[in-house]
Amino acid sequence: MFKPTVGPIIGHTTTNHARIFVRGELQNNALVFAGIRYRCVGEEHWSQGTFVKLTLLRDMSDVIALNDLASDSEYEYQAGWFSPMSPVHTVETIQELPLQWPREIYRFRTRSRKTSTPRAYVVGSCRYLRMTAGIPSAPQLGDRIFASISNLAQQADPPVSAMLMTGDQIYVDDLNVIAPDRDYKEILSKYRAAFSQPNIKKLMSNLPTYMIIDDHEIEDNWPANESKSDAYLYKNAIAAYELYQASHCPAHELLANGQISRKLEQYWYQFVEGDIEWFITDSRTRRNLSADDRRILDEEQEQALLKWLIHSQARVKFVVTSVMFYPDRKLHGDDAWKAFPEQRLRLLETIRTHRIKNVVFVSGDVHGSLTSRLTHSEDPDFEVHTIVSSPLCNSKLLPYAKASTFILDQALVQTAAGDYRHELTSNVVSQDNFAHLIVDGGQIQVNYHDQDGKRLQRVNIPLH
């Protein structure tokens, strides 16, 4: 067996289930299978291999589901792909072959069933990896920060449960003015290059990773900049996104037979860990820009989010939106929630009138990191926080955000019932960084780290 050409990438992981993305390679039109075997750390014997057949239709990649795992347990696994000599093999018959597995061993941990135990997460967005003629230029720059995240995850206490990548995991349009990528092959090549750099590969093979789409997976400021000729680009960009980012996330239903459904109804999804719940929104592909019903989330998604906010029993509710919920930018804010004030107000009024506690909006996009607190002039019980983490790696062509980027000297929204007022609760980080969140007892601790892992600042957000 050969080592995966991309991956393994650990995706959605629960108390008893894990999804792992693996890519192989086409071998002279022969059959190609990928497989995984695993065992609890400390055990001698490996499980029987779990296999999938790889096809060009999915760029020789697929996601393998591991089921009936033990909760709060550390597992190690091996992953690989091969072409059998016989052209008549199936997923069942290759179980009997004496396979030589690749020697590399990866690890992951299943979720704990305990509700009150401390939890930790890493959040980041906007990872620029410049490609020239299909080859990454100075790829170590775009990969450097992931070594620091791996180091932190290996030593962290409480253990890091997952990495949340909140948009712009690749830049399809990195040379948009000169030679934008539009063809499916070019976009797939970009994903392969981005996800197979050594440090990100190591990180994603050992830490569950959750992703969501933003504009650069398609085109800058999509769909505001969409032209009639962009249907071809969108079809290709979305197909690649579904293979490399959405395939291993909870948006795909787990079927009764233990397989993952191929059907994908939407890109937004939820996941739960103890008394913490995450709602990952798609604030990019379901926008309505018409004047009479402007929406950054489509109606179905908005209703699902509101229902979740009202009825969820979670102590902490994280809402991920790839673009900033607040504060608003002075310039170029029309790509974020600033341009959809009615929908934003509906969300805020729902949180306020239902007295929902500990709602935190998590986002990226702006190439600067910060935390901010939102209050209400007439309702002392209302409080919402935002955590922004961006970029993992900036382009030299793009500036970093700073405090002066944002509108901070006026209310976010003024209504008849009172004003929504916000203030920064951190400095604005204007360099490559990631956020390390720890939910423990009565607070969320937010630690921002630079590309070498050095802590830049710590912010404590009180829980109620």
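Note that the structure is predicted; figures quoted are calculated from it, not measured.

Cut-offs used in this document
Residues numbered from 1 in each chain as written. Predicted model: local features only at pLDDT ≥ 70, side-chain atom pairs only at ≥ 80, totals over all residues. Heavy atoms only, no water. Helix = DSSP H or I, 4+ residues; strand = E, 2+ residues; numbered from the N terminus. Rg over C-alpha atoms; globule rule 2.2 N^0.38 Å. Buried < 20%, exposed > 50% of the residue type's maximum accessible area, 1.4 Å probe, protein only. Contact = heavy atoms within 4.5 Å. Areas by Shrake-Rupley, 256 points an atom, 1.4 Å probe, with all protein chains shown as cover. Lys, Arg positive; Asp, Glu negative; His and termini not counted. Charge placed at Lys NZ, Arg CZ, Asp CG, Glu CD. Pairing = 2+ DSSP bridges. Axes fitted to C-alpha atoms, helices over the stretch in contact; angles between N-to-C directions. Domains from an automatic or database assignment. Buried area = accessible area lost by both parts, 1.4 Å probe. Salt bridge = Lys/Arg side-chain N within 4 Å of Asp/Glu carboxyl O. Right-handed = clockwise from strand over helix to strand, strands pointing away.

Participant: Got a sec to walk through the overall build of the protein chain? Specific residues and values, please.
Facilitator: Across its full length, the protein chain holds six helices and 23 strands. Taken over C-alpha atoms, the radius of gyration comes to 22 Å for the protein chain, in line with the 23 Å a tight globule of 464 residues would show. Along the first, second and third principal axes, the C-alpha atoms of the protein chain reach 75 × 50 × 40 Å. Counting the 464 residues in the protein chain, one finds 58% classified as buried. Long-range pairs, those at least 24 residues apart, make up 73% of the contacts in the protein chain with a sequence separation of at least 6. Of the roughly 19500 Å² of accessible surface on the protein chain, 48% is carried by carbon and sulfur atoms. One way to put it: in the protein chain the 50 positive side-chain charges average out to a point 3 Å from where the 57 negative ones average out.

Participant: Tell me about the sheet that holds strand 6 (residues 74-82), and please be specific about residues and values.
Facilitator: Strand pairing within a sheet occurs via backbone hydrogen bonds; the two strands may be parallel or antiparallel. Taking strand neighbours across the sheet as the criterion, the four strands line up as 4-3-6-7 in an open arrangement whose pairing is antiparallel. The open sheet has two free edges, formed respectively by strand 4 (50-53) and strand 7 (106-109), since each of these has just one partner strand. Going from strand to strand, the sheet's axes swing by 25° on average, the running direction of each strand aside. Looking at chain direction, strand 3 (residues 33-40) and strand 6 are connected through eight bridges and run antiparallel. Looking at strand 6, one finds that Cys 40 is bridged to Tyr 75. This element, helix 3 (residues 198-206), spans strand 6 and strand 7 of the sheet and lies at about 45° to strand 7.

Participant: Can you break down the pairing of strand 6 residue by residue, with the values?
Facilitator: Most of strand 6 sits inside the fold, with eight of its nine residues counted as buried. Of the strand pairs in this sheet, strand 6 and strand 7 are connected by four bridges, and their pairing is antiparallel. From the neighbouring strand, Tyr 75 faces strand 7, where its bridge partner is Phe 108.

Participant: Could you give me a rundown of the domain arrangement of the protein chain, with the residues and numbers involved?
Facilitator: Per the domain assignment, the segments of the protein chain are domain 1 (6-110) and domain 2 (119-462). Taking only C-alpha atoms, the centre of domain 1 and the centre of domain 2 are 29 Å apart. Taken residue by residue, the interface counts 24 residues in domain 1 and 25 residues in domain 2. Of the roughly 2200 Å² buried at the junction of domain 1 and domain 2 (both faces included), carbon and sulfur atoms supply 57%. Connecting domain 1 to domain 2 are two salt bridges. Across the pair Arg 192 and Asp 59 runs a salt bridge whose closest N-O atoms are separated by 2.7 Å.

Participant: Please provide a residue-by-residue account of the pattern of salt bridges, values included.
Facilitator: By the definition in use, this model includes 32 salt bridges. The partner of Arg 262 in a salt bridge is Asp 62, with the nearest N and O atoms 2.8 Å apart. Within this pair, whereas Arg 262 is found in the loop between helix 4 (231-246) and strand 13 (269-273), its partner Asp 62 is found in strand 5 (residues 61-66), the two being separated by 200 residues in sequence. One salt bridge in this structure joins Arg 346 and Glu 302, with 2.7 Å as the shortest N-O distance.

Participant: Could you give an account of the sheet that holds strand 23 (residues 455-462), with specific residues and numbers?
Facilitator: The strand order 12-11-8-21-22-23 describes an open sheet built from six strands, whose pairing is mixed. Every interior strand has two partners, whereas the edge strands, strand 12 (209-211) and strand 23, have only one. This sheet shows a mean twist of 20° between the axes of neighbouring strands, independent of strand direction.

Participant: I'd love a proper account of the environment of Gln 431, names of residues and values included.
Facilitator: Along the chain, Gln 431 falls in the loop between strand 20 (418-424) and strand 21 (433-440). Residues Gln 431 and Tyr 400 lie 31 residues apart in sequence; the distance between their C-alpha atoms is 6.6 Å. The residues touching Gln 431, leaving out its near neighbours within four places in the chain, are Ser 390, Pro 391, Tyr 400, Asp 450 and Leu 456.

Participant: Describe in detail the pairing of strand 14 (residues 276-280), supporting the description with residues and values.
Facilitator: Counting buried positions over the five residues of strand 14 gives five, a clear majority of the element. Going residue by residue along strand 14, you find Ile 276, Trp 278 and Ile 280 tucked away on one face and Glu 277 and Phe 279 tucked away on the opposite face as well. Bridge count between strand 13 and strand 14: five bridges; the pairing is antiparallel. Each residue of the ladder has a partner; that of Phe 271, found in strand 14, is Trp 278. Counting the residues that bridge the hairpin from strand 13 to strand 14 gives two residues, and of these Gly 274 lies at a positive phi of roughly 60°. Here five bridges tie strand 14 to strand 15 (residues 316-320), and the two strands are oriented parallel to one another. Directly across from Ile 276, in strand 15, lies its bridge partner Val 316. For the handedness criterion, the β-α-β arrangement of strand 14, helix 5 (residues 299-311) and strand 15 is classed as right-handed.

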